[in-house]
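Here's the letter readout for the chains.
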Amino acid sequence: MHKRFFNFLLSIHKNHETSRFEITFLGIKIKFLCKKLLKTPDYSKVLEKIKEKYKNKQKIRVGFYVCENAKWNAEDLYNLLEKSEEFEPVILASVLVRDCKGKDNGKDILQENYEFFNNNSKNVVKVYDEEKREYIPLKKFDLDILFYQQPWGIPEIHNIDCTKDFALSCHFHYGLHIFKSKITDMFFYRKLFTYFITNENEKMDLLKKGYSNLFVIGFPKLDIYKTIKKENVDNKKKTIIYAPHFSYDKKSILKIGTFDKNGEKMLAFAKQHPEYNWVFKPHPVLRHQLSLDNKYGVDYVEKYYSEWEKIGKKYEQGNYFDLFLNSDLMITDCSSFLLEYLPTNAPLFRFERKGSAPLNSFGKKLVQNLYRINNFSSFEKMFDQVIKNDADFMKNQRVEFINNILGENVGSEKIVNRLLSCIRGEDFS
């Protein structure tokens, strides 16, 4: 009680995501930039340590920090590192800070993340002690290079400012940035040893903002399409994926979600059409968002998700590209899936919302190759034409676009070669 009262009077918090001090006094929150947190780390000593290990033919240990397995974006990169003579990859299964505050203290989510990788024959360790309810310092895992899955939800003890003295921090997006949004210019990205980005346009934009740690690689997440194959099944029922985003709330930064308008309608539509195989593939944050929303709540979420399981399949994990490749349509308002799904050559319906975040230059080009839907009535008409009547009139245009964008798409190989160049002393920048 006394501690809570004292925290109400005065509390000080360092926010490593925004590089700001947050001071709360009598319930009033004041934020200001912290120059110490803004400083770009000096990785020279860490690099020298790694180069010495390389000279002595010791394995370079590469960690992948993962809080949400549904966002796993490095399957092909992990496999390349595992096959190499120089590297030893390891998955660092963690849990978001917000998820440690629930009744199970993050145990269920942590275990799900661990089992996801363990069941897929990955070298995986837990970096959160669920019994003690505390994060384990990453230094204990003998890391040399550390790939962060995302910049948000990381505890202070695992932040770049706490790992910079023993590991080179790297990152490439688990998703696709197609919007003009400040979220793409967080201080986290400036502190990385190498910020792997998708294209030259993105590089030019970031160079103007003073970035000096950039390296263009394309879309490594999609390298997996080189190794998976479409199932050869005759006369199978068409498979339809419904993948709603979580940002339907007006307070959201992106505001691209349409669940409040289309969620119930899509479920009803699926129930009316049992001639198709239905797959519910929600954004991993949707469950959390709906649970906190007074309009919906926990009971609603459990019922809604279970209704999809009754008529089809619910899929909330990562490694979903086999599912994509063997489907016939995606219906979504997400952003990353707009590109991730295109290599299947199957049509994609994009639900659009008025007032959502404006698209960047690449986003504008991308959506011109998709079926754009503004209301449910338009969706039903388009569904009849494209799916029921097999008239996918945008297919050739869509296939040409994705082939021009991806080319060979060897993003994972580019990352490995970049790391080798650095530890061999061929490239320090």
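Residues numbered from 1 in each chain as written. Predicted model: local features only at pLDDT ≥ 70, side-chain atom pairs only at ≥ 80, totals over all residues. Heavy atoms only, no water.

Within the protein chain, the regular secondary structure consists of 17 helices and 18 strands. Considering only residue pairs separated by 6 or more positions, the protein chain has 67% of its internal contacts joining residues 24 or more positions apart. Carbon and sulfur atoms form 51% of the exposed surface of the protein chain, whose accessible area is close to 21,400 Å². (Helix = DSSP H or I, 4+ residues; strand = E, 2+ residues; numbered from the N terminus. Contact = heavy atoms within 4.5 Å. Areas by Shrake-Rupley, 256 points an atom, 1.4 Å probe, with all protein chains shown as cover.)

Next up on the list: the side chain of E340. Among the structural elements, E340 can be located in helix 13 (residues 337–340). Of note is the side chain of E340, whose polar atom sits 3.0 Å from the side chain of K221. A polar side-chain atom of E340 sits 2.7 Å from a polar atom in the side chain of Y320. Ignoring any residue separated from it by four or fewer positions in sequence, one finds E340 in contact with Y174, K221, L222, Y225, Y320, F321 and F324. (Polar contact = N/O pair within 3.5 Å; in protein donor to acceptor, adjacent residues only side chain to side chain.)

Unlike most non-glycine residues, K255 shows phi in positive territory, near 55°. Checked against the element boundaries, K255 lands in the loop between strand 13 (239–243) and helix 9 (259–272). K255 gets classed as partly exposed once you look at its relative accessible area, which sits at 25%. A positive phi is found at D390, a non-glycine position, where the angle reads about 55°. (Buried < 20%, exposed > 50% of the residue type's maximum accessible area, 1.4 Å probe, protein only.)

Looking now at the packing of helix 9 against helix 11 (residues 298–311). Put simply, helix 9 and helix 11 touch, their axes get as near as 10 Å, and they point 30° apart. Of the possible angle classes, the one that applies to helix 9 and helix 11 is roughly parallel. The hand of the helix 9/helix 11 crossing is left-handed. Residues F259, G263, E264, M266, L267, A270 and K271 of helix 9 touch helix 11, and the partners they reach there are Y300, Y304, E307, W308 and I311. Looking at the contact of helix 9 with helix 11 residue by residue, the classes come out as eight nonpolar, one polar and three charged. (Axes fitted to C-alpha atoms, helices over the stretch in contact; angles between N-to-C directions. Parallel < 35°, antiparallel > 145°, perpendicular 65-115°, else oblique. Left-handed = near helix turned anticlockwise from the far one by under 90°. Nonpolar A, V, L, I, M, F, W, Y, C, P; charged D, E, K, R; others polar.)

Spatial ordering of the open sheet is given by 15-14-13-16-17-18, a layout of six strands whose pairing is parallel. Every interior strand has two partners, whereas the edge strands, strand 15 (313–314) and strand 18 (371–373), have only one. Here strand 16 (residues 329–332) pairs with strand 17 (residues 348–351) via three bridges, running parallel. When the sheet's bridge partners are listed, M330 is paired in strand 17 with L348. The sheet strands contacting helix 11 are strand 13, strand 14 (277–280) and strand 15, and the helix crosses strand 14 at an angle near 155°. Strands in contact with helix 15 (residues 376–388) are strand 13, strand 14, strand 16, strand 17 and strand 18; relative to strand 17, the strand with the most contacts, it is inclined by about 175°. (Pairing = 2+ DSSP bridges.)

A cluster of like positive charges, contributed by K250, K261, K265 and K295, occupies part of the molecular surface. Here K295 shows up in the loop between helix 10 (286–292) and helix 11. The class of K295 is exposed, set by a relative accessible area of 60%. (Patch = residues over 30% accessible without salt bridge, like charges linked within 9 Å, V, L, I, M, F, W, Y side chains within 5 Å. Salt bridge = Lys/Arg side-chain N within 4 Å of Asp/Glu carboxyl O. Lys, Arg positive; Asp, Glu negative; His and termini not counted. Charge placed at Lys NZ, Arg CZ, Asp CG, Glu CD.)

The next subject is the nonpolar core. One finds F64, Y65, F87, I145 and F147 to be the most contacted residues of the largest nonpolar core, which totals 63 residues. The dominant element in this core, judged by the number of residues it contributes, is helix 17 (residues 411–423), at six residues. What F147 contacts, discounting residues up to four positions off in sequence, is V62, G63, F64, Y65, L77, C170, H171, F172, F196, I415 and L419. (Core = buried A, V, L, I, M, F, W, Y, C linked by side-chain atoms within 4.5 Å.)

By the secondary structure assignment, S169 is in strand 10 (residues 168–171). The residues touching S169, leaving out its near neighbours within four places in the chain, are Y43, L146, Y148, I160, K191, L192, F193 and T194.

Summed over all chains, the structure comprises 53 aromatic pairs. An angle of 85° between the planes, with centres 5.1 Å apart, marks the rings of Y371 and F393 as edge-to-face. You can see Y371 sitting in strand 18 and its partner F393 sitting in the loop between helix 15 and helix 16 (395–406), a full 22 residues away along the chain. Its relative accessible area of 2% is what places Y371 among the buried residues. (Phe/Tyr/Trp six-rings, centres within 6.5 Å; stacked < 30°, edge-to-face > 60°.)

Consecutive side chains along a regular strand alternate between the two faces of the sheet. Across the two faces of strand 11 (residues 194–197) the burial is the same, with T194 and F196 and Y195 and I197 all buried. The pairing of strand 10 with strand 11 spans two bridges and is classified as parallel. Residue pairing in the sheet places H171 in a bridge with Y195 of strand 11. Once the chain exits strand 11 it traverses helix 8 (residues 200–207) before rejoining the sheet at strand 12 (residues 214–216), and the crossover so formed is right-handed. (Right-handed = clockwise from strand over helix to strand, strands pointing away.)

Each pair of packed helices can be described by the angle between their axes along with the distance between the axes. Here helix 4 (residues 75–83) crosses helix 17 at 45°, and the two axes come no closer than 9 Å. Classed by the angle they form, the pair helix 4 and helix 17 counts as oblique. Taken as a pair, helix 4 and helix 17 cross one another with a handedness that is right-handed. Facing D76, L77, L80 and L81 of helix 4, the residues of helix 17 in contact are S412, E413, I415 and V416.

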